[in-house]
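Working through the structure, step by step
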Amino acid sequence: MAKSLLIISRQAPWSGPNAREALDIVLAGGAFDLPIGLLFLDDGVFQLAAKQDAKALQQKDLSANLQALPMFGVEELFVCADSAAERGLDPCAFSLEEARALTAHDITALIDRYDQVITL
């Protein structure tokens, strides 16, 4: 059986390539039926903020990649509720409704469930 993999995305979508690279890894893993999960933590929660104008920042919009995750079989999607609250974001208003909000305690248990963890 394939080892499970958790990707922790900690970067805002406009702060560099890490947010896109995290999504690329998750989409590739999903395409090959790898047991994979994605956790948005710290500034990574900004990736889920609705109605972002990527063109104003001269960046590529990540929303299409995010919406494609379920089509690639990626159903283990999580967001740190504490990170969202610290940044004034409401998890109920996120563009990716499938993402389940977790507390810091829940995140520790989540990380323990996966064989391998990559943080970007």
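This write-up is about the structure you can find in this document. (Residues numbered from 1 in each chain as written. Predicted model: local features only at pLDDT ≥ 70, side-chain atom pairs only at ≥ 80, totals over all residues. Heavy atoms only, no water.)

1. As for the environment of aspartate 42
Positionally, aspartate 42 belongs in the loop between strand S2 (36-40) and helix H2 (63-68). On a C-alpha basis, the gap between aspartate 42 and lysine 3 in space is 26 Å, while along the polypeptide they are 39 residues apart. Residues in contact with aspartate 42, not counting those within four places in the same chain, are Arg10, Ser83 and Arg87. (Helix = DSSP H or I, 4+ residues; strand = E, 2+ residues; numbered from the N terminus. Contact = heavy atoms within 4.5 Å.)

2. Description of the environment of isoleucine 25
Tracing the chain through its elements places isoleucine 25 in helix H1 (residues 18-31). Apart from residues lying up to four places away in sequence, isoleucine 25 is in contact with Leu5, Ile7, Ile36 and Leu120.

3. Some remarks on H1
With 14 residues, H1 ought to run about 20 Å at 1.5 Å a step, and its terminal C-alpha atoms sit 20 Å apart, in line with that. Within the span of H1, buried status applies to Ala19, Ala22, Leu23, Val26, Leu27, Gly29 and Gly30. The buried residues of H1 all sit within an arc of 165° when viewed along its axis, so they share a single face. For H1, the secondary structure elements touched by its buried residues are strand S1 (5-9), S2 and H2. At the exit of H1 stands aspartate 33, carrying a positive phi of roughly 55°. (Expected span 1.5 Å × (residues − 1). Buried < 20%, exposed > 50% of the residue type's maximum accessible area, 1.4 Å probe, protein only. Arc of directions from axis to C-beta.)

4. Considerations on the nonpolar core
Residues Leu38, Phe40, Leu48 and Leu69 are the most contacted members of the largest nonpolar core, which totals 24 residues. Listed by contribution, the elements that provide at least two residues to this core are S1, H1, S2, H2 and strand S3 (76-80). Considering every element that reaches this core, the biggest residue donor is H1, with five residues. When residues no more than four places from it in sequence are discounted, the contact partners of phenylalanine 40 are Ser9, Val45, Gln47, Leu48, Leu66, Phe78, Val79, Cys80 and Leu96. Counting residues in hydrophobic clusters, the runner-up holds ten residues, among them Leu39, Leu41, Phe78 and Tyr114. (Core = buried A, V, L, I, M, F, W, Y, C linked by side-chain atoms within 4.5 Å.)

5. With respect to the sheet that holds S2
The five strands are arranged S4-S3-S2-S1-S5 in an open sheet whose pairing can be described as parallel. Whereas interior strands pair on both sides, the edge strands pair on one side only; in this sheet they are strand S4 (100-102) and strand S5 (116-119). On average, each strand axis in the sheet is inclined to that of its neighbour by 25°, with strand direction left out of account. As paired strands, S1 and S2 are joined by five bridges and run parallel to one another. When the sheet's bridge partners are listed, isoleucine 7 is paired in S2 with leucine 38. (Pairing = 2+ DSSP bridges. Axes fitted to C-alpha atoms, helices over the stretch in contact; angles between N-to-C directions.)

6. A few points about the pairing of S2
Judged by how many residues are buried, S2 sits mostly within the fold: five of five residues are covered. Here S2 shows a buried face lined by Ile36, Leu38 and Phe40 and a second buried face lined by Gly37 and Leu39. Where the polypeptide runs from S1 across H1 and back to S2, its parallel neighbour, the crossover connection is right-handed. Across four bridges, S2 lies against S3 in parallel orientation. Bridge pairing in S3 links leucine 39 to phenylalanine 78. (Right-handed = clockwise from strand over helix to strand, strands pointing away.)

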